[in-house]
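The primary structure of each chain is shown beneath.
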Amino acid sequence: MMFSWRRARSVAYKEYKHILRDPFTLIVTLVLPLVFVGMFGFVIDLDYKHMRVYVRDNDQTSVSRRFLQEVASSGYFNLTPVHGQFQLDQALQRNDSPALMVIRSGFGRRVRAANPGEPGQIQLLADGTDNVQASIMGTYLQGAVQKANAVFARDNPELADAAAQAGEQVRSRFLFNPELNSRWFIVPALSTIIIGFLAIVLTALTVAKEWENGSMELLLSTPVRPAEIVLGKLVPYFLLTFFDVLVVFVLAVYVFRIPFLGSFIFYMAACWVYITGALALGLVISVVTRQQQAAIQFAFAVGLLPSFIFSGFIFPIENMPLFFRYFTALFPQRWFLLISRTVFLSDAAPATLATAFGAIVLFAAAMIVLAVQKFKTDVEP
Amino acid sequence: MPALRAQVRGVSKKMGRAQALRQVDALFDAGKVHGIIGPNGAGKTTLIRLLAGLLHPDTGSVSYSEGGQKFSSAQAKRVTGYFPQEPSLYPDLTCEEHLEFFRDLYALPQEEFEPRARELLQATGMEPFKDRAAGKLSGGMYKKLGLMCVLLNRPKLLLLDEPTVGVDPVSRQELWDLVYGFAGENMTVVVSTSYMDEAGRCAQVHVLSDGQMLASGAPQAVMRQFGVNDFAEIFLNHERK
Amino acid sequence: MNENETVIRVKDLVVAFGSFHAVDGVSFDVHRGEIFGFLGANGAGKTTTIRTICGLLNPSAGTVEVNGHDVSSSTAVLKPLIGYMSQKFTLYPDLTVRENMNFAGSLYGMSPRQIAARAHKLMEFIGLPENIPDPVSHLSGGVKQMAALASALLHDPELVFLDEPTAGTSPQTRVAFWALIRRLAQLGKTVFVTTHYMDEAEYCGRIALMERGKIVAMGTPEELKKEFFPVKPLELTFLHPVQNALRAALAQAGIASAVFGNNLRVRAPDRAAFERATAPFRNDFTVCETNPTLEDVFLQAVSGRKKA
């Protein structure tokens, strides 16, 4: 028997009616991403501001003072100078600051000499007990250093080359988020996670539901084939979740004013593929578990956890042990997150994301094949 | 378009840990109304699912033929209609939407579907309820809708798993009337039931108890064979042994 | 204890859910020690009536009295008198029978000693071993039903409601269960039982047939058969395959018939009309009178009501 478009269409049409007549699912699907993205976007602000830092300036030159001025003007740091060993000991005993910044003597001389092999040095001693704050402080300070470099280059054109060179390494980290605004990272990333997870849950429930309410048995006694059911179930949910993607996109770009610098078509194509993969994964779960409750638990395990842990959303992948760096490659969330961040915040050519795009295509294809393969045509336990 | 004949030979089937069927032999003659009679847990559903091709025997075989010509299980499945015991319709879809859904699943042309649907709606008296959602139908009407869905395709073998359970006597009567109205030269009907008093309504009964086929034949002949006055006694006596 | 004492008195009861009248003007009395059968389809209003008598639902109109108390105003007095075994299985599947009984007993404020004594007696009465170590979910359907009955009887109620207690059980279980019901009645308990097995209804002292919220017939099985079948139904055995043509001819004459394999059951109060309709087929079948079943009664009662 051949694949029948008519049967696939009739399954899709039936599914579409189920969706329309179940206001709860419809509302959850349409409103949940909005609520989450809105809430996270507005409420979560990972930016630390006015962190108190003790400063020991052993250089005491115009260069060091100028540098500290720049650091203070970033707004992230409250600089409190300490003089001499006694004050320093007192400050450390008070234990009311996460960090101590030390400018070594000779800092001004080195900067003026502009010798790339011997740059000016600042030491930051941060309290490692709050590692998040410590690392954020480190990165913010580097941002301030870079800004100071630029100011310095402007003020001393004869040293511009050297200053630009010195700043190059630092600058690469902040190029795409010069204001170090965490909201810019979160909104596109979060949209991925919420929509991808929603897609998995939606389809994870559908087939299991048909097993539970008995309709699967009747369906299997007709000539309908697994591929037709799989396709028929994918299409309506694809449209539904794609609508979500568009809504979140509009929200990100027009409400949170996140710059969208990349290719819109490429981003949409990536969304299509990613959603399809997530929906197909949901179907695989549903086909295997045949029970809604188990399907939901599975969906959480394979949908939600990797979204946060293995995608690079919370823990940067480059900081992971080697095994996990490769392990994360199994999860489409990681690749889509890369695409999403890059496309939003840079105008990099789509070709640079070929690996990531290829990975999500592969995942989606594998999931569809698996869903069809695992689909049972009998009621054997 | 004659009816399908199904033969079950030496079939055993385990469902989970339970031995649902033990060495079952049964012949379902073409064009007759067959009843599989037995209490809950006797293996009726397993036997019907085997006939529907939804389960595969552990040992033994199920074969189909039409007028002496063999049918493969795949061929047979295409001309078999099966309505399960458990609710299996979509509660949010209306009767008409169900019929249209099954029209597409069976790939029926519209010009064939329309008169058939009209005929079925009329025969079942469901015409006034065609816009009602399946979840809002009474027990009897629900079963009638299921029957219509599987009859759309004019099956040569119709399998109904406990169609009369939980249905009031009036609807029960109507369902049996429908079965006899559609059975005949072109359709073999197999109905399972745990209502012992329904055995008499079948042309042929197959008495199943604890996975074993105790007897097959016309109801009166089977009762004579066991020397009893009603079917419940067969099971009571069987238990005592 | 008076044999003819009225235990339940229902008068003009209406229970409405919105515009839908689940019970629509029902009146009946049940006497002490009686087995009162309540018959009808799913959705006919049986369970709603039972729930109202148990004080779980309030009447929209009419009155319900149990032991002379109005149920809606004296629920607390009546609850200990009533044992209710609901249609859905009501024991916790992960507990043993005994654990279930301990829990049920504690709900009625029984002490552990009382529960133990009562459980011992009940299990003996029902014929189950007293300490089954398995959780309820591992038991067979019949044992489960028996255990559920034991649990409903634990607080020694006067009045026992059994809502489809034998649905889906084997003939053996049904026979055993009905034997228990009869013994309960002999002990002076009033048993109110619903079923949709028409053959079981024969075991009841009196039955009420319910259809769409109304009682369409009430009486002892024998009374009902006499009332609805002053003339016995006929059973036709075919000699030639004229079944469909004959049924069509009967339908034309307004005579109901039902196919039973190779036989046809005919409800024909007017014999002359039957003879006229079947005249052309006279040589194609043999005919004999047969005893009406309660199923026949139900069909007759409902179809009579539809005509009226």
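Structure first, text after, so check above.
K.L.:
An account of the overall build of chain A is requested, with residue identities and associated values reported.
P.N.:
Along its length, chain A carries 15 helices and four strands. In chain A, which comprises 381 residues, the proportion classed as buried is 49%. Considering only contacts within chain A whose residues lie at least 6 apart along the sequence, 80% involve residues at least 24 apart. Total accessible area on chain A stands at roughly 18700 Å², and carbon and sulfur atoms take up 63% of it.

K.L.:
So what's going on with the nonpolar core? Which residues, and what values?
P.N.:
In this structure, Val8, Phe28, Leu47, Leu145 and Phe231 of chain B together with Val266 of chain C are the most contacted members of the largest nonpolar core, which totals 170 residues. Not counting residues within four places of it along the chain, the set of residues in contact with valine 8 of chain B comprises Val24, Asp25, Ala26, Phe28, Leu47, Leu51, Ser61 and Val62 of chain B. By size, the runner-up hydrophobic cluster in this structure holds 53 residues, among which are Ile115, Ala150, Val160 and Leu294 of chain C.

K.L.:
Explain the sheet that holds strand β1 (residues 6-17) of chain C to me, using residue names and the numbers behind them.
P.N.:
Residues and elements named next belong to chain C. Read across the sheet, four strands follow the order β2-β1-β4-β5 without closing on themselves; strand pairing throughout is antiparallel. Pairing within the sheet leaves two strands with one partner each, and these edge strands are β2 (20-31) and β5 (69-70). Bridge count for strand β4 (residues 61-66) against β5 is two bridges, and the pairing is antiparallel. Bridged to valine 66 within β5 is histidine 69. Packed on one face of the sheet, helix α1 (residues 46-53) meets β1, β2 and β4 and runs near 120 degrees to β1.

K.L.:
Before we move on, could you go through the sheet that holds strand β3 (residues 35-40) of chain C and cite the residues and values that matter?
P.N.:
Residue and element names in this part refer to chain C. In spatial order, the strands read β6-β7-β8-β3-β9-β10; together these six strands make up an open sheet with mixed pairing. The sheet is open, and its two borders are formed by β6 (82-85) and β10 (214-219), each paired with just one other strand. When the angles between neighbouring strand axes are averaged without regard to direction, this sheet yields 15 degrees. Note: β3 against strand β9 (residues 206-211), five bridges, orientation parallel. Opposite leucine 39, over in β9, you have leucine 209 as the bridge partner. Set on the sheet, α1 makes contact with β3, β6, β7 (159-163), β8 (190-195) and β9; between it and β8 the angle comes to about 155 degrees.

K.L.:
I'd like a description of the packing of helix α5 (residues 141-153) of chain C against helix α6 (residues 171-186) of chain C, backed by residues and values.
P.N.:
Two quantities define a packed helix pair, namely the angle between the helix axes and the distance between the axes. Residue and element names in this part refer to chain C. Two elements in contact, α5 and α6, have axes whose closest approach is 10 Å; the angle formed by their N-to-C orientations is 20 degrees. By the criterion of interaxial angle, the relationship of α5 to α6 is roughly parallel. The crossing of α5 and α6 is right-handed. Judged by residue contacts, Gly142, Gln145, Met146, Leu149 and Leu153 of α5 engage Thr173, Ala176, Phe177, Leu180 and Leu184 from α6. Looking at side-chain class alone, the contact of α5 with α6 contains seven nonpolar, three polar and no charged residues.

K.L.:
Pulling in residues and values, what's your account of the arrangement of the chains?
P.N.:
Ranking by contact count across two pairs of chains in contact places chains A and B at the top. Regarding chain A and chain C, the two do not touch, and the least distance separating their C-alpha atoms is 18 Å.

K.L.:
Now, about the interface of chain B and chain C: what can you tell me, with residues and values included?
P.N.:
Interfaces are frequently sized by the accessible area removed from exposure as the parts join. The partner chain C presents 26 residues to the 23 residues of chain B that form the contact. Linking chain B with chain C are three salt bridges, by the criterion used here. Note that glutamate 295 of chain C and arginine 172 of chain B form a salt bridge whose closest N and O atoms lie 2.7 Å from each other. Counting every contact that joins chain B to chain C gives three residue pairs in polar contact (both at pLDDT 80 or more). Here the side of chain B that touches chain C gets six residues from one element, more than from any other, and that element is helix α6 (residues 169-182) of chain B.

K.L.:
Mind laying out a nonpolar patch on the surface, listing which residues take part and the relevant values?
P.N.:
All names here are of chain A. A grouping of Ile27, Val31, Leu34, Val35 and Met39 is seen on the molecular surface, where their side chains present a nonpolar patch of about 400 Å² in accessible area. Relative to the assigned elements, isoleucine 27 resides in helix α2 (residues 23-43). Here isoleucine 27 falls in the exposed class, since its relative accessible area comes to 53%.

K.L.:
Mind laying out the environment of lysine 46 of chain C, listing which residues take part and the relevant values?
P.N.:
Residues and elements named next belong to chain C. Within the fold, lysine 46 resides in helix α1. Each C-alpha atom, one on lysine 46 and one on leucine 128, is 30 Å from the other, the two residues being 82 residues apart in sequence. Other than its neighbours up to four places away in sequence, lysine 46 contacts Phe38, Leu39, Gly40, Ala41, Glu164, Thr194, Thr195 and Met210.

K.L.:
Tell me what's going on with the packing of aromatic side chains, and back it up with residues and numbers.
P.N.:
In total, this model carries 37 aromatic pairs over all chains according to the counting rule given. Seen from their ring centres, tyrosine 195 of chain B and tyrosine 197 of chain C are 5.0 Å apart, and the 50 degrees between their planes marks the pair as tilted. Here tyrosine 195 of chain B, found in the loop between β8 (188-193) and β9 (204-209), pairs with tyrosine 197 of chain C, found in the loop between β8 and α7 (198-201), and the two come from separate chains. Taking relative accessible area as the criterion, tyrosine 197 of chain C reaches 3% and is therefore assigned buried. Taken together, the ring pairs connect Phe249, Phe260, Phe264, Tyr267, Tyr274, Phe336 and Phe344 of chain A into an aromatic cluster. The lysine or arginine in question, arginine 290 of chain A, covers the ring of tryptophan 211 of chain A, its NZ or CZ lying 4.1 Å from the ring centre. The side chain of arginine 172 of chain B reaches across the aromatic face of tyrosine 195 of chain B, ending 4.4 Å from its centre.

K.L.:
Describe the pattern of salt bridges, listing the residues and the values that go with them.
P.N.:
A full pass over the atoms with the stated rule returns 41 salt bridges over all chains. In this structure, glutamate 380 of chain A and lysine 13 of chain B form a salt bridge, with 2.7 Å as the shortest nitrogen-oxygen distance. Here lysine 13 of chain B lies in strand β1 (residues 5-15) and glutamate 380 of chain A lies in the segment after α15 (354-374), a pairing that spans two chains. Residue classification places glutamate 380 of chain A among the buried positions, given a relative accessible area of 13%. In this structure, the salt-bridge partner of glutamate 127 of chain B is lysine 130 of chain B, at a minimum N-O distance of 3.1 Å. Residue lysine 130 of chain B is classed as partly exposed on the basis of its relative accessible area, which comes to 24%. One network of salt bridges, with partners in common, ties together Arg172, Asp197, Glu198 and Arg201 of chain B together with Glu295 of chain C.

K.L.:
Residue-level account of the interface of chain A and chain B, with values.
P.N.:
Counting residues at the interface gives 26 residues for chain A, matched by 32 residues for chain B. The junction of chain A with chain B conceals about 2600 Å² of combined surface from both sides, 57% of it contributed by carbon and sulfur atoms. The largest share of the area that chain A buries against chain B comes from Arg6, Glu217 and Leu218 of chain A, three residues that together contribute 25% of it. On the surface where chain A and chain B come into contact, there are five salt bridges. Where chain A meets chain B, there are 14 residue pairs in polar contact (both at pLDDT 80 or more). At the level of secondary structure, the elements contributing two or more residues to the side of chain A that touches chain B comprise α1 (5-21) and α9 (215-220) of chain A. It is α1 of chain A that contributes the most residues to the side of chain A that touches chain B, eight residues altogether. Of the residues contributing to the side of chain A that touches chain B, the split by class is nine nonpolar, eight polar and nine charged.

K.L.:
Summarise α5 of chain C; cite the residues concerned and give the values.
P.N.:
All names here are of chain C. When the terminal C-alpha atoms of α5 are compared, their 19 Å separation across 13 residues agrees well with the 18 Å that a helix rising 1.5 Å per residue should span. With ten of its 13 residues buried, α5 lies for the most part within the structure. Turning to α5, its buried residues number three or more, namely Gly142, Gln145, Met146, Ala147, Ala148, Leu149, Ala150, Ser151, Ala152 and Leu153. Buried-residue contacts for α5 involve β6, α3 (97-107), α4 (112-126), β7 and α6.

Cut-offs used in this document
- Residues numbered from 1 in each chain as written.
- Chains lettered and ligands numbered in written order.
- Predicted model: local features only at pLDDT ≥ 70, side-chain atom pairs only at ≥ 80, totals over all residues.
- Heavy atoms only, no water.
- Helix = DSSP H or I, 4+ residues; strand = E, 2+ residues; numbered from the N terminus.
- Buried < 20%, exposed > 50% of the residue type's maximum accessible area, 1.4 Å probe, protein only.
- Contact = heavy atoms within 4.5 Å.
- Areas by Shrake-Rupley, 256 points an atom, 1.4 Å probe, with all protein chains shown as cover.
- Core = buried A, V, L, I, M, F, W, Y, C linked by side-chain atoms within 4.5 Å.
- Pairing = 2+ DSSP bridges.
- Axes fitted to C-alpha atoms, helices over the stretch in contact; angles between N-to-C directions.
- Parallel < 35°, antiparallel > 145°, perpendicular 65-115°, else oblique.
- Left-handed = near helix turned anticlockwise from the far one by under 90°.
- Nonpolar A, V, L, I, M, F, W, Y, C, P; charged D, E, K, R; others polar.
- Salt bridge = Lys/Arg side-chain N within 4 Å of Asp/Glu carboxyl O.
- Polar contact = N/O pair within 3.5 Å; in protein donor to acceptor, adjacent residues only side chain to side chain.
- Patch = residues over 30% accessible without salt bridge, like charges linked within 9 Å, V, L, I, M, F, W, Y side chains within 5 Å.
- Phe/Tyr/Trp six-rings, centres within 6.5 Å; stacked < 30°, edge-to-face > 60°.
- Lys NZ or Arg CZ within 6 Å of the ring centre and 35° of its normal.
- Buried area = accessible area lost by both parts, 1.4 Å probe.
- Expected span 1.5 Å × (residues − 1).

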